[in-house]
Amino acid sequence: MRQLAIAALSIGFLILFYFTLHAAYKLFASDLPVPGQELAAEADSRAYRLVVITQELDTPFWLQVKKGALSAAAQRGASLEMWGTYSSDRKEFLKQIEIAIASKVDGIIVQGLNTPEFTYLTKIKAAGSGIPILTVANDVPMNDSLRRTYVGSDHLAAGRMIARQLIEDMGSSGKVVLMVSDRQEDYQRSRLKGILEVLKAYPQVKTEIVASGDEKDAVVSATDDLLNTQPDAKAFIAVAANHASIIIQEIEKRSRVEPYYIYAFDDSPETMTLLKQSKIDALVAQSPELMGELSVKLMTEWLDGKVVPLNPDGYFTQVRVLRAGEAE
Amino acid sequence: MNSIQRKIMSLSVIVLFIMAIIWVVLTYYNQKTQEQYNEVLQRYLRMNEMTNLSQQTIASLNVYLLQPTANTLDAFHVTTERILQANNEIAKLRTADNGFTLTNYMHMIESLVEAENRSVMFHDQKNNEFSAARFEEATRIHNYIVETTLSLIDKDLKTYDHFYRSIMAQSTELKRLGVWLLTFITVTLLLFAYWFSRSITMPIHKLTVAARELARGKFEQRIEVHSNDEISFLARTFDRMRININDLISEIHRTAQLELELKESKLLLKESQLRSLQSQINPHFLFNTLDTLSKKAYLEGSLETSDLIANVAGLLRYNLRRLDRSVTLREEVNVVLKYIEIQQARFADRLRFVQQVDERWLHVHLPCLTLQPIIENAVIHAVEPLEEGGTIVFRILSEDGERVRIEIEDSGAGMAPEQVQRMLEEQPQERGNAQGHSTGIGFSNVVKRLRLFTGVEDVLEIDSGLQQGTKVTLKIPVA
């Protein structure tokens, strides 16, 4: 009896001891991860601080750019942040640029915006503070902005490519509608210019340029108007990226889409889906990741003084035409 | 030395030590957590201070632009000085996550001060338009600073989120540990205290039991206490006391026994002396008369009568000597032979006496007048009442060399066992029987004296039955 009691007590004692030790171990093992001042962080402060500013944060295109830029920055030990606005809020966008200038970052990589405010900021303030500015994806005229260079697609060439594709598909006669954004930005002008350059050689091809706002409603009403006033239009080219899907939606409300030749720029998932469904006949794919990479590379090289000066005409990244049916 | 005291002290020290450790650990953790909280809070306060300072610079600049005096300029310079100082301090808030933003932030403050200075400069140059533009820019930068402060705090919240959770988890762990520790220590201390108190009270309990036994008069049980403190010393002392008491008591017993025996032997001696005194009318007269009679008979040629009278005289002398002295067996045998000679003169052929005496054992001591009363007893009971007389066999021998056997066997009517028992129990015979003895010493007297002399209870054996004769055997130790 006594032995049994002693055994039971010992077991209880051991169990208690185990749990106590366990609790103590857990307490001491859970070391507090104090996010203190790290030396690595200190080193960061001496690395180049680059900012990429866009008007279209978190769109598939810009996510690609971000990916490329971040990997390039990581390679070069530069710290990089992606700033920007959603849904093309210009005021906010300009404010971001101003903040970047006030923050005295080492380099600003910015989506070009062809407005006087943008020009003022880049030309007077950034240049005044000695901060280099690269434009990426969208360019602005060099003289206005004093940008160091441009990294992105050659929109003129892209326009030409799509126009050639159109002639190939449609033949050398017909009415072509060019949907542009009413905020005539530099890249749209370049694309338009490229398209018109090619089509000029075909007198049978009539072009109709339709400008609309960027909002969905504006595009819808513009398309409606167009379909009403120009029933004989055979082809549509969505010069601004996000117009293509709206145009197709509106056409689908009235008739089948296949007879129309529809072209678009920018390979967003939406347009890619439409391309796969053969609703879009062809589109121009850009290389956003390469843009990000290249822009960061050029910026750091310029800051290091390796490549001085940068080519003011810009560094073009690859563009290619994806045709329906060919799309993977 | 003071073992119990040491035990109690060590228990207290252990308990104190454990408590102190727990207290220290808990306090340490509390303090650590508090410091960490403090640090985090300090960060926020510092960031907030930056916003305030930036606001102050704008305000002081505004005051200066409205009232450009030396005082207001000084006030402006003081505020910008302060913000630049604070700006240097804020570099310490750098973490892995906010490095980029923090650097931007610090540069922004520099930009703010630059813009403000420029505004002052343009103002001094009376270029009010530019000055106002700079002021406006400074205001914008101030707004950016406010925003960035918020985003920094936001980042900090994100960065410290994990940290906060860890602190919470840790405090939960701490609580759990506290509960376990409390349970563990409670149980352990209870067990320890039980064991400890047992180690003190168990020996005391044993001692109490032993004391009770002693009080009841049981001195034989050993007192054993296994303990390493004073109790064991106490127990040892107690045990020694018990042994001493035990010895004393047995000593007293022995002394009492001896005294009793002494008293008894004195009593017997007195009895025999009394008896002998009765017959001691005038011993010298009796001896001289008997001597004269013996000589007279010898001169008259009656040799047999002369010898007989000489024997009677010898027997009488022997009988009159001090009875409290031991004699050798040889003297006893001589007396027996004289007695037999006298009796043979009386009974002639009716008394047949056979003796087988081993001469080697005749030096053995025994009380005076022990054999003669037994022989006389045999003569009285086995020869006198019978017409055809009887045979008395007297043997002295030793079987083992340690005790001498003296056997006196008769061919008489024998005794019933009850009577034998009575004789062995030293009960005095009926008066009539004792009167027949020549020396006045009865059988029971002999038995008692033999027992007192040898100290052995079974010194005498009686082997008898009705119509079987009686055999009395004495076993006297040689030494």
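From a predicted model like this one, the values you see are computed outputs, not experimental measurements.

Peer 1: Could you give an account of the overall build of chain A, with specific residues and numbers?
Peer 2: Across its full length, chain A carries twelve helices and twelve strands. Across the 328 residues in chain A, those meeting the buried criterion constitute 51%. Accessible surface, chain A as shown: approximately 15000 Å² in total, 54% of it carbon and sulfur.

Peer 1: Summarise the overall build of chain B; cite the residues concerned and give the values.
Peer 2: Each helix and strand in chain B was counted, giving twelve helices and seven strands. Once local pairs closer than 6 in sequence are excluded, the contacts in chain B between residues at least 24 apart make up 71%.

Peer 1: I'd like a rundown of the confidence of the model for chain B, residues and numbers included.
Peer 2: Residues and elements named next belong to chain B. Here chain B averages 84 in pLDDT, while 94% of its residues score no lower than 70. Contacts of residues 431-435 to residues separated by more than four positions or lying in other chains number one contact, the stretch itself having pLDDT below 50. ipTM for the predicted complex: 0.75, alongside a pTM of 0.58.

Peer 1: Quick one: what's the story with the pattern of salt bridges, residue by residue and with numbers?
Peer 2: Any two side chains of opposite charge can pair, so long as their charged atoms come close to each other. Residue and element names in this part refer to chain B. Applying the stated criterion to the full structure yields 40 salt bridges over all chains. Note that Arg330 and Glu359 form a salt bridge whose closest N and O atoms lie 3.9 Å from each other. Separated by 29 residues along the polypeptide, Arg330 in helix α8 (residues 329-347) and Glu359 in the loop between β2 (351-357) and β3 (365-367) bring together distant segments of the chain. Given a relative accessible area of 44%, Arg330 falls into the partly exposed group.

Peer 1: Can you explain the UniProt feature "transmembrane region" (unreviewed entry) in chain B? Please cite residues and give values.
Peer 2: Residues and elements named next belong to chain B. The feature "transmembrane region" (unreviewed entry), as annotated in UniProt, sits at residues 9-29 and 177-196 in this numbering. What you have in residues 9-29 is 100% helix and 0% strand, and the ends, taken at the C-alpha atoms, are 30 Å apart. The span residues 177-196 is 100% helical and 0% strand by assignment, and the distance between its end C-alpha atoms comes to 27 Å.

Peer 1: Residue-level account of the nonpolar core, with values.
Peer 2: With 48 residues, the main nonpolar core has Ile53(A), Ile97(A), Ile108(A), Val110(A), Phe118(A) and Ile141(B) as its most contacted residues. Those elements that place two or more of their residues in this core are β1 (49-54), α4 (90-102), β3 (107-111) and α5 (116-129) of chain A together with α1 (3-66), α2 (70-90), α3 (99-124) and α4 (128-215) of chain B. Counting residues per element, this core draws most heavily on α3(B), at ten residues. Sequence-distant contacts of Val110(A), that is, excluding residues within four places in its chain, are made with Ile53(A), Phe93(A), Ile97(A), Phe118(A), Ile133(A), Leu134(A), Thr135(A) and Val136(A). In terms of nonpolar packing, the next biggest core, distinct from the first, is built from 45 residues, Tyr318(B), Val335(B), Trp361(B) and Ile406(B) among them.

Peer 1: Quick rundown of the side chain of Ser295(A)? Include the residues and the values.
Peer 2: Residues and elements named next belong to chain A. Tracing the backbone through its elements, the reader meets Ser295 in helix α12 (residues 288-304). Judged by relative accessible area, which is 1%, Ser295 ranks as buried. Aside from chain neighbours lying at most four places away, what touches Ser295 is Ile109, Leu134, Val136 and Val151.

Peer 1: An account of α3(B) is requested, with residue identities and associated values reported.
Peer 2: In this model α3(B) runs 37 Å from its N-terminal to its C-terminal C-alpha over 26 residues, within 8% of the 38 Å that 1.5 Å per residue would give. Of all 26 residues making up α3(B), 19 are buried, and the element is well covered by its neighbours.

Peer 1: So, the interface of chain A and chain B: which residues are in play, and what are the values?
Peer 2: Facing the 38 residues of chain A at the interface are 41 residues of chain B. Each partner contributes to the roughly 3700 Å² buried at the junction of chain A and chain B, and carbon and sulfur atoms together form 65% of this total. Taken together, the connections running from chain A to chain B amount to seven salt bridges. For Glu147(B), the salt bridge goes to Lys95(A), with nearest N and O atoms at 2.5 Å. Between the two partners, chain A and chain B, sit eight residue pairs in polar contact (both at pLDDT 80 or more).

Peer 1: Summarise the side chain of Arg191(A); cite the residues concerned and give the values.
Peer 2: All names here are of chain A. With respect to the helices, strands and loops of the structure, Arg191 is situated in helix α8 (residues 186-199). By relative accessible area, which is 1% here, Arg191 ends up buried. Leaving out residues up to four positions away in the same chain, Arg191 has contacts with His155, Gly159, Val239, Phe265, Asp266 and Gln286.

Peer 1: Before we move on, could you go through unusual backbone geometry and cite the residues and values that matter?
Peer 2: Both trends apply: most residues other than glycine have a negative phi, and most peptide bonds are in trans. Positive phi values are uncommon outside glycine, yet Ala137(A) reaches one of about 65°. Tracing the chain through its elements places Ala137(A) in the loop between β4 (133-136) and α6 (142-145).

Peer 1: I'd love a proper account of the packing of aromatic side chains, names of residues and values included.
Peer 2: Residues and elements named next belong to chain B. In total, this model carries 15 aromatic pairs over all chains according to the counting rule given. Aromatic side chains Phe353 and Phe394 sit 6.3 Å apart centroid to centroid with 25° between the ring planes, which places their arrangement in the stacked category. You can see Phe353 sitting in strand β2 and its partner Phe394 sitting in strand β4 (residues 390-397), a full 41 residues away along the chain. Assessed through its relative accessible area of 17%, Phe353 is described here as buried.

Peer 1: Please set out the packing of helix α9 (residues 216-229) of chain A against helix α10 (residues 243-254) of chain A residue by residue, giving values where relevant.
Peer 2: Residues and elements named next belong to chain A. Where α9 contacts α10, the axes come no closer than 9 Å and their chain directions differ by 50°. Comparing their axes, α10 and α9 come out oblique. In this structure, the crossing between α9 and α10 has a hand that is right-handed. On the side of α9, the interface is formed by Lys216, Val219, Val220, Thr223, Asp224, Leu227 and Asn228, while α10 contributes His243, Ile246, Ile247, Gln249, Glu250, Ile251 and Arg254.

Peer 1: Outline the sheet that holds strand β10 (residues 282-285) of chain A, listing residues and values.
Peer 2: All names here are of chain A. Strand order in this open sheet of six strands is β7-β6-β8-β9-β10-β12, and the pairing throughout is mixed. Only two strands of the sheet have a single partner each, and these edge strands are β7 (205-212) and β12 (320-323). The mean angle between the axes of side-by-side strands here comes to 20°, regardless of whether they run parallel or antiparallel. Summarising the sheet, strand β9 (residues 261-265) and β10 pair through three bridges and their orientation is parallel. In the strand pairing of β10, Phe265 is matched with Val284. The strands that α8 touches are β6 (174-181), β7, β8 (233-238) and β9; relative to β6, the one it contacts most, it runs at about 170°. The strands that helix α11 (residues 269-276) touches are β10 and β12; relative to β10, the one it contacts most, it runs at about 145°.

Peer 1: Hey, could you go over the sheet that holds β2(B) for me, with residue numbers and the actual values?
Peer 2: Residues and elements named next belong to chain B. Within the open sheet, the five strands sit side by side as β2-β4-β5-β7-β6. Their pairing is mixed. Pairing within the sheet leaves two strands with one partner each, and these edge strands are β2 and β6 (460-464). Neighbour-to-neighbour, the strand axes of the sheet open up by a mean angle of 10°, direction not taken into account. With seven bridges joining them, β2 and β4 adopt parallel strand pairing.

Peer 1: I'd like a rundown of the environment of Glu341(B), residues and numbers included.
Peer 2: All names here are of chain B. Within the element layout of this structure, Glu341 appears in helix α8. Between the alpha carbons of Glu341 and Leu308 there is a distance of 7.4 Å; along the sequence they are 33 residues apart. Residues within four places of Glu341 in sequence aside, it is in contact with Leu308 and Asn311.

Peer 1: Which residues make up α2(B), and what values do they have?
Peer 2: All names here are of chain B. For α2, spanning 21 residues, the distance from its first C-alpha to its last is 30 Å, which sits close to the expected 30 Å at 1.5 Å a residue. Every buried residue belonging to α2 is among Thr72, Phe76, Thr79, Thr80, Ile83, Ala86, Asn87 and Ile90, and all of these are buried. All buried residues of α2 fall inside an arc of 125° around its axis, so they share one side. Exposed residues on α2 whose side chains face more than 90 degrees from its buried face are Ala70, Asn71, Gln85 and Asn88. Tucked inside the fold, the buried residues of α2 contact α1 and α3.

Peer 1: Before we move on, can you summarise the packing of helix α7 (residues 155-170) of chain A against α8(A) with the specific residues and values?
Peer 2: Two quantities define a packed helix pair, namely the angle between the helix axes and the distance between the axes. Residue and element names in this part refer to chain A. In the contact formed by α7 and α8, the axes pass within 7 Å of each other and the chain directions differ by 40°. The orientation of α7 with respect to α8, classified from their angle, is oblique. Crossing of α7 against α8: the hand is right-handed. Here His155, Leu156, Gly159, Arg160, Ile162, Ala163, Arg164, Leu166 and Ile167 of α7 lie close against α8, whose contacting residues are Tyr187, Ser190, Arg191, Lys193, Gly194, Ile195, Glu197, Val198 and Leu199.

The rules behind these values
Residues numbered from 1 in each chain as written. Chains lettered and ligands numbered in written order. Predicted model: local features only at pLDDT ≥ 70, side-chain atom pairs only at ≥ 80, totals over all residues. Heavy atoms only, no water. Helix = DSSP H or I, 4+ residues; strand = E, 2+ residues; numbered from the N terminus. Buried < 20%, exposed > 50% of the residue type's maximum accessible area, 1.4 Å probe, protein only. Areas by Shrake-Rupley, 256 points an atom, 1.4 Å probe, with all protein chains shown as cover. Contact = heavy atoms within 4.5 Å. pLDDT = per-residue confidence, 0-100. Salt bridge = Lys/Arg side-chain N within 4 Å of Asp/Glu carboxyl O. UniProt positions renumbered as here; feature names shortened; annotations may be inferred. Core = buried A, V, L, I, M, F, W, Y, C linked by side-chain atoms within 4.5 Å. Expected span 1.5 Å × (residues − 1). Buried area = accessible area lost by both parts, 1.4 Å probe. Polar contact = N/O pair within 3.5 Å; in protein donor to acceptor, adjacent residues only side chain to side chain. Phe/Tyr/Trp six-rings, centres within 6.5 Å; stacked < 30°, edge-to-face > 60°. Axes fitted to C-alpha atoms, helices over the stretch in contact; angles between N-to-C directions. Parallel < 35°, antiparallel > 145°, perpendicular 65-115°, else oblique. Left-handed = near helix turned anticlockwise from the far one by under 90°. Pairing = 2+ DSSP bridges. Arc of directions from axis to C-beta.

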